[in-house]
Amino acid sequence: MTHDASEDELRVSVVVLTHNRCDELCRTLDRLQALPERVPLIVVDNASTDHTAERLAALYPGITIVRSERNLGAAGRNLGVERVRTPYVAFCDDDTWWAAGSLRKAADLLDAWPEIDILNARIVVGPEARLDPACAAMGDSPLEHMPGIGPLLTGFMAGANVMRTRAYREAGGYWPPFFIGGEEALLAMDVLDAGGRIVYAPELQVHHWPSLARDSGLRRKLIARNAIWTAWLRLPWPMALRRTTISLRDASHAGMRVSVLLDALKGWNSVRERRRILKPSTRALLKRVWRHETAQAG
C-alpha cells in the first residue's frame, strides 16, 4: 500500500516536548521537516527561558508552537495532544527524531490492526546508531508476538512511540504529579486495562542523540518515586508493596531511599483519590513480564 504526502498529513501528527534545549530542538526539527512524510509538527515549549518560542516562530513558521507558562514535565505533552487533529500521534523529545518512512509505516500498521493502540519504535543512539539497551529488552519480551510486527509489551518509551490519539485522550494522558521519569508506566497500564495492545515494532526507527543537559541524580530519584506512586495507584496492596520494595532497593544509597519514600508519602492523598485496581487480566500480563525480568536479572 502506498500513500502520498497529503494522506500522511491526514493520519499522524508529531508532538515534540522541549525545555531549554533550543539548539538541540532545532536539529530535531530540521530532521523532522526533511522527512518524506509531510506531517503536522507540534512543539510544546515547557516554559523555556532560552527564548525557544521566539526562535522557533522566526525559523519554523509552519510549526505549531504551544507555550506552557510553567514547566509541566511529561504532562506538557497533554497540551500538544489537545492540538492534534489526526487519528494517530507520534511523540519525540528535543533530542530524538523519527527515521524516514517510519511514521508512514506506523500509520499503516495502526490502520491494519485496530486492536493495537501503541507502537514503540526501535531506538538507535548517537551518530554510530547503537541499539538502545531498552529496545533489546523489548525484543526479548515474554509476551506473544503480533505477526509481522513484534512482541507485545506492557510499557513503552515516551519519546519513541506512535499511538492512537483516542487512546491517549481516553487514558487521560500523563499524570502531572509525576513530572518526569517513568511517567509512561501508568498510561501504559490504563491503555492495557481498556483493552488496547502495546507492541514493539523494530521496523520503526527513532534516532536519539542524548542531551548532556540533564540531572541524572534527580531523574533516578523521580523514577523511583514515580514507580512507587504507579504501584499504589493501580495494584492490589500485596503487589504494590512488592513493587515499592523493589523500587527502594534499586535506589543507589540509603539516603536516596529515605528521600524517595518521604517524597512518595507526600503524594499519598492524590494517589488515594485516583487509586483504581487493574483488571486481573492486566495484572497477569504485568506479572509475566516482571517474572521474566527477575529471571533475566538473576
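Residues numbered from 1 in each chain as written. Predicted model: local features only at pLDDT ≥ 70, side-chain atom pairs only at ≥ 80, totals over all residues. Heavy atoms only, no water.

## Let's talk about the overall build of the protein chain
Next, step 1: Secondary structure assignment for the protein chain yields 13 helices and 11 strands.
Next, step 2: The C-alpha atoms of the protein chain give 19 Å as radius of gyration, which agrees with the globular expectation for 298 residues (19 Å, within 12%).
Next, step 3: The principal-axis extent of the C-alpha atoms belonging to the protein chain is close to 50 × 45 × 40 Å.
Next, step 4: In the protein chain, which comprises 298 residues, the proportion classed as buried is 51%.
Next, step 5: On the protein chain, the mean spot of the 39 positive side-chain charges and the mean spot of the 35 negative ones are 8 Å from each other. (Helix = DSSP H or I, 4+ residues; strand = E, 2+ residues; numbered from the N terminus. Rg over C-alpha atoms; globule rule 2.2 N^0.38 Å. Buried < 20%, exposed > 50% of the residue type's maximum accessible area, 1.4 Å probe, protein only. Lys, Arg positive; Asp, Glu negative; His and termini not counted. Charge placed at Lys NZ, Arg CZ, Asp CG, Glu CD.)

## Topic: unusual backbone geometry
Next, step 1: Even without a glycine there, the phi angle at N20 is positive, about 55 degrees.
Next, step 2: Tracing the backbone shows N20 in the loop between strand 1 (12-18) and helix 2 (22-33).
Next, step 3: For N20, a relative accessible area of 30% corresponds to the partly exposed category.
Next, step 4: Notably, A47 is not glycine yet its phi reads approximately 55 degrees, a positive angle.
Next, step 5: Turning to its location among the elements, A47 is positioned in the loop between strand 2 (41-46) and helix 3 (52-59).

## With respect to a nonpolar patch on the surface
Next, step 1: Together, V258, L261, L262 and L265 make up a nonpolar patch on the protein surface, roughly 350 Å² of accessible area in all.
Next, step 2: Mapped onto the elements, L261 comes out in helix 11 (residues 254-266).
Next, step 3: On the basis of relative accessibility, which here comes to 33%, the residue L261 falls in the partly exposed class. (Patch = residues over 30% accessible without salt bridge, like charges linked within 9 Å, V, L, I, M, F, W, Y side chains within 5 Å. Areas by Shrake-Rupley, 256 points an atom, 1.4 Å probe, with all protein chains shown as cover. Salt bridge = Lys/Arg side-chain N within 4 Å of Asp/Glu carboxyl O.)

## Digging into the side chain of T282
Next, step 1: Mapped onto the elements of the fold, T282 is located in helix 13 (residues 280-297).
Next, step 2: In this view, T282 contacts M189, L192 and D193; residues no more than four positions away in its chain are not counted. (Contact = heavy atoms within 4.5 Å.)

## Here we look at the environment of V124
Next, step 1: Residue placement: V124 occurs in strand 6 (residues 116-125).
Next, step 2: Residue classification places V124 among the buried residues on the basis of a relative accessible area of 4%.
Next, step 3: Linking V124 and N71, residues 53 residues apart in sequence, is a C-alpha distance of 28 Å.
Next, step 4: For V124, the contacting residues outside a window of four places in its chain are A129, R130, Q205, V206, H207 and H208.

## So, the packing of helix 8 (residues 184-193) against helix 9 (residues 216-234)
Next, step 1: The interhelical angle for the contact between helix 8 and helix 9, taken along N-to-C directions, is 25 degrees, at an axis separation of 9 Å. In terms of their interaxial angle, helix 8 and helix 9 are classed as roughly parallel. Seen from helix 8, the contacting residues are A185, L186, M189 and D190; seen from helix 9, they are T230, L233 and R234.
Next, step 2: Class assignment of the residues belonging to the contact of helix 8 with helix 9 gives a composition of four nonpolar, one polar and two charged. (Axes fitted to C-alpha atoms, helices over the stretch in contact; angles between N-to-C directions. Parallel < 35°, antiparallel > 145°, perpendicular 65-115°, else oblique. Nonpolar A, V, L, I, M, F, W, Y, C, P; charged D, E, K, R; others polar.)

## Some points on the pattern of salt bridges
Next, step 1: Evaluated as defined, the whole model comprises 18 salt bridges.
Next, step 2: For D23, the salt bridge goes to R55, with nearest N and O atoms at 3.2 Å. Of this pair, D23 sits in helix 2 while R55 sits in helix 3; the two residues are 32 residues apart in sequence, bridging distant segments of the chain.
Next, step 3: One salt bridge in this structure joins E128 and R130, with 2.6 Å as the shortest N-O distance.
Next, step 4: By sharing partners, the salt bridges in this structure join D117, R164, R166 and E170 into a single network.

## Thoughts on the state of the cysteines
Next, step 1: Per the counting criterion, the structure on display carries zero disulfides.
Next, step 2: With no disulfide of its own, C26 lies 4.1 Å from the sulfur of C22, the closest cysteine sulfur.
Next, step 3: Residue C26 is classed as buried on the basis of its relative accessible area, which comes to 9%.
Next, step 4: C92 forms no disulfide, and the closest cysteine sulfur to it belongs to C26, at a distance of 13 Å. (Disulfide = S-S within 2.5 Å.)

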